[in-house]
Amino acid sequence: MGFNLQNLEAALQAGRQYTYLPFSLHFFESVSSTNQTLWDLLNQGAISGTVVIATQQSAGRGQWGRQWISPVGGLYVSVGISFDHKIEATDSYQLTFASAWGIASQLRQSGIDVGIKWPNDLVLNGRKLGGILTETKVNKGQITQAVIGVGINWTNPVPKTGINLESWQTSQDFRPISCLEMLTSIVLRGIESGMECLCQEGVSILLSRYLDLLTNMGDRVYVNNLSGTVVGVTSQGNLRVDLETDDTKELITPEIYIEPGTISLGYHKSSV
């Protein structure tokens, strides 16, 4: 069954709260990477809001140069955004946080209890449902363009730490998402609402909303053989960890900041 752009456009029009991005949709059966295809289009003059969707990727990209396995059955989509106002290059994780919060909250509104695993994964029942890869173009220390790439497991096979939406839906009494086009619409509206929140309401409001959905809050982590507890994230994307001290006279718990990519939090089954 092929992907139907008309169905996607109809779903987008029916469900949009914002018109922050003028979505221009481009569908491909197979690309090396939706992010790379979109960068090529942007370099040829494509507008902000250009979207690339593919049935599969032959060279999908994940965080920190990892390969993102992209078989048929998943959703692979990238959105290009240009920025007029200033976003510092060091604040690029705000774009990832905005997208993660927006997509998770849209899925939750559809009845799917999705959370966020720091910094960029979407989780369901303690397992990985999808991930987000943000790539930016920087000029004089400011982000001028960004490509937000999203991969979500729909009907594709997944590893033991993963979950796909269709298998989850078969275990429920209801099926909130009927087709891949509907899922794509939810993801695009999520990215749009996240960017609207960041750019209109500001990073502090975005961060509080992101933390509300963060599954790692209160997790025990170990850093250099020291035990600590996850208490939040910074606007630069770093994990805030309160270290435990053996000194009972120590009134202040030292807090450290951990950069994305330096520790792995792993996956654990949720207690709910």
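Notes on the structure follow. (Residues numbered from 1 in each chain as written. Predicted model: local features only at pLDDT ≥ 70, side-chain atom pairs only at ≥ 80, totals over all residues. Heavy atoms only, no water.)

1. Regarding the packing of aromatic side chains
So, point 1. One pass over the structure, following the stated rule, counts 4 aromatic pairs.
So, point 2. Measuring from centroid to centroid gives 6.2 Å for Trp-168 and Phe-174, while their planes differ by 80°, and the two rings are edge-to-face.
So, point 3. For Trp-168, a relative accessible area of 7% gives the class buried.
So, point 4. For Phe-174, a relative accessible area of 36% puts it in the partly exposed group. (Phe/Tyr/Trp six-rings, centres within 6.5 Å; stacked < 30°, edge-to-face > 60°. Buried < 20%, exposed > 50% of the residue type's maximum accessible area, 1.4 Å probe, protein only.)

2. Regarding the sheet that holds strand 5 (residues 121-124)
So, point 1. Within the open sheet, the 7 strands sit side by side as 1-2-3-7-6-5-4. Their pairing is mixed. Only two strands of the sheet have a single neighbouring strand rather than two, namely strand 1 (24-31) and strand 4 (115-117). The average undirected angle you get between the axes of adjacent strands in this sheet is 25°.
So, point 2. Two strands pair when backbone bridges link them, and strand 4 and strand 5 are joined in this way by 3 bridges, in the antiparallel orientation. Paired with Ile-116 across the strands is Leu-122, a residue of strand 5.
So, point 3. Lying on the sheet, helix 5 (residues 180-201) is in contact with strand 1, strand 2 (50-57), strand 3 (75-82) and strand 7 (142-152); it crosses strand 3 at an angle near 30°. (Pairing = 2+ DSSP bridges. Helix = DSSP H or I, 4+ residues; strand = E, 2+ residues; numbered from the N terminus. Axes fitted to C-alpha atoms, helices over the stretch in contact; angles between N-to-C directions. Contact = heavy atoms within 4.5 Å.)

3. Brief notes about the side chain of Asp-121
So, point 1. Examined against the element boundaries, Asp-121 turns out to sit in strand 5.
So, point 2. Taking relative accessible area as the criterion, Asp-121 reaches 8% and is therefore assigned buried.
So, point 3. Separated by 3.5 Å, the side chains of Asp-121 and Lys-128 make a polar contact.
So, point 4. Once residues within four sequence positions are removed from consideration, Asp-121 is found in contact with Gly-115, Ile-116, Lys-128, Gly-130, Gly-131 and Tyr-267. (Polar contact = N/O pair within 3.5 Å; in protein donor to acceptor, adjacent residues only side chain to side chain.)

4. Focus on the environment of Gly-80
So, point 1. Following the sequence through the fold, Gly-80 ends up in strand 3.
So, point 2. For Gly-80 and Thr-19, which are 61 residues apart along the polypeptide, the C-alpha to C-alpha distance reads 15 Å.
So, point 3. Here Gly-80 is in contact with Leu-38, Leu-42, Ser-48, Gly-49, Thr-50, Ala-146 and Val-147, once residues within four sequence places are set aside.

5. Thoughts on the packing of helix 3 (residues 93-109) against helix 5
So, point 1. Two numbers describe how helix 3 lies on helix 5: the axes approach to 7 Å, and their chain directions differ by 130°. By the angle between their axes, helix 3 is oblique relative to helix 5. Where helix 3 crosses over helix 5, the two elements pack in a sense that is right-handed. Here Gln-94, Leu-95, Ala-98, Ser-99, Trp-101, Gly-102, Ile-103, Gln-106 and Leu-107 of helix 3 lie close against helix 5, whose contacting residues are Leu-183, Ile-186, Val-187, Arg-189, Gly-190, Ile-191, Ser-193, Gly-194, Met-195, Cys-197 and Leu-198. (Parallel < 35°, antiparallel > 145°, perpendicular 65-115°, else oblique. Left-handed = near helix turned anticlockwise from the far one by under 90°.)

6. Focus on unusual backbone geometry
So, point 1. A cis amide bond, omega -5°, links Trp-118 with the succeeding residue Pro-119.
So, point 2. Here Pro-119 is to be found in the loop between strand 4 and strand 5.
So, point 3. Positive phi, close to 55°, is recorded for Lys-140, a residue that is not glycine.
So, point 4. Within the secondary structure, Lys-140 is located in the loop between strand 6 (127-139) and strand 7.
So, point 5. Classification of Lys-140 by relative accessible area gives exposed; the value is 78%.
So, point 6. Positive phi outside glycine occurs at Asn-225, with the angle close to 70°.

7. Observations concerning the sheet that holds strand 8 (residues 220-223)
So, point 1. Strand order in the open sheet made by the 4 strands is 8-9-10-11, with antiparallel pairing throughout. Each edge of the open sheet carries a strand with a single partner, namely strand 8 and strand 11 (255-258). Here the strands of the sheet are splayed against their neighbours by 45° on average, with no regard to which way each runs.
So, point 2. Of the strand pairs in this sheet, strand 8 and strand 9 (residues 226-233) are connected by 4 bridges, and their pairing is antiparallel. Across the sheet, Arg-220 pairs through a bridge with Thr-229, a residue of strand 9.

8. Some thoughts on the pairing of strand 1
So, point 1. Bridging between strand 1 and strand 2 involves 7 bridges; their strand directions are parallel. Among the inter-strand pairings, Leu-25 is bridged to a residue of strand 2, identified as Val-51.
So, point 2. Following the chain from strand 1 across helix 2 (residues 34-43) to the adjacent parallel strand 2, one finds a crossover that is right-handed. (Right-handed = clockwise from strand over helix to strand, strands pointing away.)

9. Focus on the packing of helix 5 against helix 6 (residues 203-212)
So, point 1. Where helix 5 meets helix 6, the closest approach of the two axes is 7 Å, and the angle between their N-to-C directions is 140°. With respect to helix 6, the element helix 5 is oriented oblique. Contacts between helix 5 and helix 6 involve Cys-197, Leu-198 and Glu-201 from the first element and Val-203, Ile-205, Leu-206 and Arg-209 from the second.
So, point 2. Of the residues contributing to the contact of helix 5 with helix 6, the split by class is 5 nonpolar, no polar and 2 charged. (Nonpolar A, V, L, I, M, F, W, Y, C, P; charged D, E, K, R; others polar.)

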